[in-house]
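Spelled out from the first residue to the last, the chains are:
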Amino acid sequence: MSETKVPGLNVRITSKNQLDNIKKVAITKPGQQALFLELDQNRPLAGIIQDICEKWGIMHPEEFAIQFSDSNKQQIYITERNRLDISNGDVLVLTSSPSKTAKEIYETMKDGKPEDKLLAMDKLSTLARDITFSMEFITNEGQELIKNFVQEGKFHGDPMACLLRSFMALMDHNLVSWNTIEPEFTKKVANYIASPKHGVKIIQPSLEILESVILNNTELSKHKEVEHHVTPEKIVVHLQASSALQKNALALLNALFLKAPPEKKKKINASIQSRSFRNVIVTVSLEAWNKDWNAANKANQSVLNASQTVGSEMGHQLYCLQTLMLNMHEARMNTPADAEDPNVLKQIEALAKICFEMDGDTNQAANRKSNLYRKLGFMDQSHPAVDFAVHTPPGMLALDNIAYFSNKYQENCVKVVLENCTRADEHDCPFIKASIMLTKALCEILRIGEPPQDEETSYYPMFFSHDKPFEEFFCICIQLLNKTWREMRASTEDFPKVLGVAKEQITRALQIQPPTFDAFRVRVNQLTYAEIIKLWERDRKNKEEDQAQAAPIVELRKMLTPEMKELIRQQRLNYLTEGSKFPKYTTRGRAKEKYWQWKLTPNMKTFHYGDCAENDNLSLEQLGNKLSVTDIKGFVTGRDCPHVKDKKDKAKTAPTGTLPKTKFKYLSHNALAEKMTNFSFAIQPVNSEPTDMLCFVAKDDVEFDMWTDGLNVLLGHEMTSPQMKKDLNMLLDMEIRIRLLDAEGIAIPNEPPPIPPEPDNYDFAFNDM
């Protein structure tokens, strides 16, 4: 392909901004030699098209436009609105303008030959994605033509699929209201999803169209038209038939569910909760869950984030269906109990009878009611139904959960209640209060009462596996709460803390998206109170480590380090002032059963020392010997000390009586010699020989580090001990935590905010009046 330069398109430029506006592209057209040009984004497109047409000798440049050659782009035609999408190296195509193309397609579809009509429909299904073309096609009444073709039903197979896809693409531009859809068109599209025989190519756009009719229509009659022709039973067929239709089928089901009136919602929910329907939904949700799980394993990421990578659209639809199902409990959640309602009182008495085998017909049982209600955890024993009225939400939903638990899992319910009855009053977990507050917590965790969120993809397959999913969820969680209460050895005032731990256990167990309630039960029981404490501690450390890497924190640590080192230096000198007692050594070895005590004077100028007994603690005045700090030449540690050189070899034959009495007295001779070496240091006075060094063995690593750090401070050297580094990190961490208390919960940026630009001038005037 040879290169041809186009006169007038290659404009000389001098500034960097002008260079950025020049895009090097190729222009092609069937039957013409390709043009390579520098397209100036500052020039009008009409002028550029005119220059190209002149080069190729094409008349009427106003009838031409430029297209992207990449058919995957959402906008195919290049206009003044989207021309900034052009990049260097793009291959562009000179083609008929959108208005001319739209008119040609319309006329061909209306009056053309059959084979030409098919080609026009196929071309339309591609170009309809472009808003510029769509505006022209709709202006030519092309959309009305599509609706007529669909309603007449003359086309089948691929032609009808092209028409439906084109109609959906045209409507996606929001150029025409969905209120304009006629009932006959809706009925015809609905008929296509009534049977799988029409094929995926037709059913998929049909599902999309009906979903949009429901969601985007403001007229209730339009919703009813779809509801009349489409039922959950017709939709479920496509969940079983093809994975390609599952997302669209679920989306339509969710649209019907979301926009239906309350009574209709109950019928849809009943259909979804039927065993046959649930089996299909469970299969679909587990397939999507397995995809997320496998993708997470391959990407080495948690399943919590996996649904955002693979099948996120399917995950979103499953999340929406789950939310709509759980929101069916919203009415009961917001309904307070009527304290005089006989059905409510009957449920409460049935609970007491189950738990305590109370005979409601005897006078003895009547006298026991108040006491039994107290044991059950009612706050108002005289009018127990009031508890479900005062706490709304969760209102009647809490009573529903309690009734379900006591009837379905009677043995477990009795066990929970009686276990608390055997505890002292201050340590029992009030069952009714716990059930009410737990129900409220579960509603918050599952966001019952909130509409589905647009970007959310977290769903839990276990909620599709049971006809009473929320009640089953409660039954597991109330037993968990009782178990956690026992593990924490809680008392009545600890109730909020226990509930908080239980919420954490439940939330963390849900993070793995358990496929079944049994899997959830296993996971949540693994998260004991002790495990939650460990996880909290790990999260805290991870958060602190992340914060410590932030540039502002690193700079703050650097700024605080000198101050913290000064605190450590002062602490080391104070330690030396308190003094220490050491086994007495000379360069020839240990002086048997002898000790000496060393103390630094408060003015930090002189050491006082002298002999003492093992249990003595002498005052500064009682220590008769002195060594001025200025008379210290230096000190050595470890094997450089004269009293421990070759001590390891000598320890092999040393009698037990020659070993010092330290906390290491039960170690072998060799191990003890090694310990002595590690904790040994020796001070060398000025004008003295190495054999005249003052020898010491510290009792442990802390004392050794304190004295070597202190001596380094007195001699003007840097502290280098491991204890110093540990103390420095601890002090810096504590100081930074204190300084960041006011910033709790605020994310610390890695980079400081940008400095705003300087003002145009500095002619500021301040009026003090």
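Residues numbered from 1 in each chain as written. Predicted model: local features only at pLDDT ≥ 70, side-chain atom pairs only at ≥ 80, totals over all residues. Heavy atoms only, no water.

**Q** Quick question: what am I supposed to make of the packing of aromatic side chains here?
**A** How two aromatic rings sit relative to each other is set out by the distance from centre to centre and by the angle between their planes. By the definition in use, this model includes 26 aromatic pairs. Note on W596 and F696: the rings are 5.4 Å apart at their centroids and 20 degrees apart in plane angle, and the pair reads as stacked. Within this pair, whereas W596 is found in strand β6 (residues 589-600), its partner F696 is found in strand β11 (residues 694-697), the two being separated by 100 residues in sequence. The burial state of W596 is the same as that of F696; both residues are buried. (Phe/Tyr/Trp six-rings, centres within 6.5 Å; stacked < 30°, edge-to-face > 60°. Helix = DSSP H or I, 4+ residues; strand = E, 2+ residues; numbered from the N terminus. Buried < 20%, exposed > 50% of the residue type's maximum accessible area, 1.4 Å probe, protein only.)

**Q** How should I be thinking about the confidence of the model for the chain in this particular structure?
**A** Note: predicted coordinates in regions of low pLDDT should not be interpreted at a detailed level. Summarising the model, the chain shows a mean pLDDT of 87, and 89% of its residues fall at 70 or more. In the model, residues 1-14 has pLDDT below 50 throughout and makes 30 contacts with residues more than four positions away in sequence or in other chains. Below pLDDT 50 for its whole length, residues 651-666 participates in 24 contacts with residues either more than four positions away or in separate chains. (pLDDT = per-residue confidence, 0-100. Contact = heavy atoms within 4.5 Å.)

**Q** Which parts of the structure should I look at to understand the packing of helix α8 (residues 183-192) against helix α9 (residues 200-216)?
**A** Each pair of packed helices can be described by the angle between their axes along with the distance between the axes. It is the contact of α8 with α9, at a shortest axis distance of 8 Å, that shows an interaxial angle of 135 degrees. In terms of orientation, α8 lies oblique with respect to α9. Like other packed secondary-structure pairs, α8 and α9 cross with a definite hand, here left-handed. Residues F185, T186, V189, A190 and Y192 of α8 form the contact with α9, whose participating residues are I202, I203, S206, I209 and L210. Of the residues contributing to the contact of α8 with α9, the split by class is eight nonpolar, two polar and no charged. (Axes fitted to C-alpha atoms, helices over the stretch in contact; angles between N-to-C directions. Parallel < 35°, antiparallel > 145°, perpendicular 65-115°, else oblique. Left-handed = near helix turned anticlockwise from the far one by under 90°. Nonpolar A, V, L, I, M, F, W, Y, C, P; charged D, E, K, R; others polar.)

**Q** I tried to follow the side chain of Q317 on my own but got confused; where do I start?
**A** One can find Q317 in helix α16 (residues 312-326). Among the polar contacts made by the side chain of Q317, one reaches the side chain of N254 at a distance of 2.9 Å. Beyond its immediate chain neighbours, meaning those up to four positions away, Q317 contacts K247, L250, A251 and N254. (Polar contact = N/O pair within 3.5 Å; in protein donor to acceptor, adjacent residues only side chain to side chain.)

**Q** Even after reading the chapter, I still don't get the packing of helix α4 (residues 114-127) against helix α7 (residues 158-171), so can you show me in this structure?
**A** With their axes 8 Å apart at the nearest point, α4 and α7 run at an angle of 35 degrees to one another. Viewed along their axes, α4 and α7 form a crossing whose handedness is left-handed. Counted together, L118, M121, D122, L124 and S125 of α4 and P159, C162, L163, R165 and S166 of α7 form the full contact between these two elements. Considering only residue class, the contact of α4 with α7 consists of six nonpolar, two polar and two charged.

**Q** I'm lost on the state of the cysteines in this one. Help?
**A** In protein structure, a disulfide is the covalent linkage between the sulfur atoms of two cysteines. The full count for this structure, using the stated rule, is zero disulfides. The thiol sulfur of C355 is not disulfide-bonded, and the nearest other cysteine sulfur, from C413, lies at 4.1 Å. Owing to a relative accessible area of 4%, C355 belongs among the buried residues under this scheme. The structure places no disulfide on C421, whose sulfur is separated from the nearest cysteine sulfur, that of C355, by 8.2 Å. (Disulfide = S-S within 2.5 Å.)

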